[in-house]
Amino acid sequence: MVSRTTGRHVVLPVLKARWLSQTFVHWPYEPRFVQALLPPGLTVDTYDGAAWVGFTPFVMAALRPGVLPSAPLSFAETNLRTYVRRRDGLDGVWFLSVEVSARAMMAAWLIGAPCHLGVLQVRHEDGAVRYAGVRSGGFPSYRLTVRPGGPFTPDARDLWLTSRWHAFTRIGPVLWRTTVDHEPWTLCRAEVVDLRQTLTTAAGLPPPSGPAVVHFSPQVRTVRFALPRPARSG
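How each quantity is defined
- All residue numbers refer to positions counted from 1 along the written sequence of the respective chain.
- Thresholds applied to this predicted model are a pLDDT of at least 70 for local features of residues and 80 or more for the giving and counting of side-chain atom pairs; totals over whole chains, interfaces and linings are not thresholded and use all residues.
- Here the side-chain values reflect all heavy atoms present in the structure, with hydrogen atoms and water set aside.
- The numbering of helices and of strands both runs from the N terminus, where a helix is a DSSP run of H or I of at least 4 residues and a strand a run of E of at least 2.
- Our radius of gyration is a C-alpha quantity, and the globule rule it is checked against amounts to 2.2 Å times the number of residues to the power 0.38.
- Burial classes: relative accessible area under 20% of the type maximum marks a residue as buried, over 50% as exposed, and values in between as partly exposed (1.4 Å probe, protein chains only).
- In this analysis, two residues are considered to be in contact whenever any of their non-hydrogen atoms come within 4.5 Å of each other.
- Surface accessibility follows the Shrake-Rupley procedure with a 1.4 Å probe radius. Residue values consider only the protein chains on display as shielding.
- A pair of aromatic rings is counted whenever rings of Phe, Tyr or Trp (Trp by its six-membered ring) have centres within 6.5 Å, and the orientation is called stacked for planes under 30 degrees apart, edge-to-face for over 60 and tilted otherwise.
- Among buried residues, the Ala, Val, Leu, Ile, Met, Phe, Trp, Tyr and Cys ones that are joined through side-chain atoms within 4.5 Å form a nonpolar core.
- Strand pairing follows a simple DSSP-based rule, namely that at least 2 bridges must link the two strands.

S.K.: Would you take a moment to explain the overall build of the chain for this structure?
M.R.: When you go through the chain residue by residue, the secondary structure sums to three helices and 13 strands. Rg of the C-alpha trace for the chain: 17 Å, near the compact-globule value of 17 Å for 234 residues, within the 12% margin. Counting only C-alpha atoms and orienting by the principal axes, one finds that the chain spans roughly 45 × 45 × 40 Å. Counting the 234 residues in the chain, one finds 50% classified as buried. The long-range share in the chain, meaning contacts at least 24 apart out of those at least 6 apart in sequence, stands at 71%. Accessible area for the chain stands at about 11,200 Å²; split by element, carbon and sulfur atoms hold 55% of it.

The following block contains the structure:
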């Protein structure tokens, strides 16, 4: 079951960070379109019969090793993600693409994370948050402007879309699992002022056709990443 809080705390994190100014834009898709993009061992997770694809720009702030002292790294990141289950029922996130503005993050390719270097921006202006990004080479790209509202009590669908505690990646024949631990999201309502993106097309999906579900979260203060490990097939 998807829950608002993690059932397994990361005691010895390999990395720590904060997440700032995160917007969630979610679109419903026919499950067959998303399943076609998944590796063996993962099944698309659905809510009310639909698969959901999330476009989530944010600032990865104060990223640093979990134990050893190091200068923190902050940068803009944008994920295109969907939700999956392993054969044993464990749910998590599957990244269709990860746009980053920090070259050091390209090391995540070692466990199969689909990271792409680009020029990304996050700006706060006149009560709105403006995101923009373009991958090296000029495609794909996106522009998003949202106007955050006040916090609210999330319902079952809101929790399902935002509360995941594992991320799956794949390198060669091996499926990897990374467990993430953080306090519950403070979710706010948000209005999309402008949105143009080609990330879904680049990932192999048709253009979104259903109405978007939008959330905003100002910050998650303490994020702990466990050491990635090969995931059992179940």
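So that's the structure; there's more coming.
S.K.: Help me understand the packing of aromatic side chains in this model?
M.R.: Centre-to-centre distance and the angle between the planes together describe a pair of aromatic rings. Tallied over the full model, the rule gives eight aromatic pairs. Geometrically, the ring pair formed by Trp19 and Phe58 is edge-to-face, given 6.2 Å between the ring centres and 75° between the ring planes. With Trp19 in strand β1 (residues 15–29) and Phe58 in strand β3 (residues 51–65), this residue pair connects regions lying 39 residues apart in the sequence. When its relative accessible area of 3% is taken as the criterion, Phe58 is described as buried. Centroid distance Tyr47 to Trp160: 5.6 Å. Interplanar angle 50°. Geometry classified as tilted. One end of the pair, Tyr47, is in the loop between β2 (42–44) and β3; the other, Trp160, is in helix α2 (residues 156–162), and 113 residues separate them in sequence. Look at Trp160 and you get buried, because its relative accessible area is 7%. Joined through ring pairs, the aromatic side chains of Trp19, Phe24, Phe58, Trp185 and Phe225 make up one cluster.

S.K.: How should unusual backbone geometry be read in this particular structure?
M.R.: The omega torsion across Phe139 and Pro140 is 0°, close enough to zero to call that bond cis. Summarising the element assignment, Pro140 is placed in the loop between β7 (128–135) and β8 (141–151). Phi angles above zero are rare outside glycine, and Ser21 is one such case at about 50°. Tracing the chain through its elements places Ser21 in strand β1. With relative accessibility at 8%, the residue Ser21 sits in the buried group.

S.K.: Would you mind showing me how to read the environment of Leu161 here?
M.R.: Within the secondary structure layout, Leu161 lies in helix α2. The sequence separation of Leu161 and Gly54 amounts to 107 residues, and the corresponding C-alpha distance is 8.1 Å. With near-sequence residues (within four places) excluded, Leu161 lies in contact with His26, Trp52, Arg81, Tyr83, Val213 and His215.

S.K.: Just to check I follow, could you spell out the nonpolar core for this structure?
M.R.: Core analysis: the largest hydrophobic core is formed by 31 residues, its most contacted members being Phe55 and Trp94. When sequence neighbours within four positions are dropped, the list of residues in contact with Phe55 reads Thr23, Phe24, Val25, Trp27, Thr78, Asn79, Leu80, Tyr142, Leu144, Leu195 and Leu199. Judged by nonpolar contacts, the second largest core, of 29 residues, contains Trp19, Phe75, Val93 and Val220.

S.K.: What is the right way to look at the side chain of Thr6 in this model?
M.R.: Turning to its location among the elements, Thr6 is positioned in the segment before β1. The class of Thr6 is buried, set by a relative accessible area of 10%. Beyond its immediate sequence surroundings of up to four residues, Thr6 is in contact with Trp165, Val180 and Asp181.

S.K.: What exactly am I supposed to notice about the pairing of β8 here?
M.R.: Consecutive side chains along a regular strand alternate between the two faces of the sheet. Direction of pairing for β7 relative to β8: antiparallel, over a ladder of six bridges. From the neighbouring strand, Gly133 faces β8, where its bridge partner is Tyr142. Hairpin connection of β7 to β8: five residues between the antiparallel strands, including Gly137 at a positive phi of 105°. In this structure, β8 lies alongside strand β11 (residues 188–197), joined through eight bridges in antiparallel fashion. Across the sheet, the residue bridging to Val146 is Val192, located in β11.

S.K.: Honestly, the environment of His182 in this entry has me stumped. Any pointers?
M.R.: Position of His182 among the secondary structure elements: in strand β10 (residues 174–182). Separated by 163 residues in sequence, His182 and Trp19 place their C-alpha atoms 9.9 Å apart. Filtering out sequence-adjacent residues up to four positions away, His182 remains in contact with Trp19, Trp165, Val220, Thr222 and Val223.

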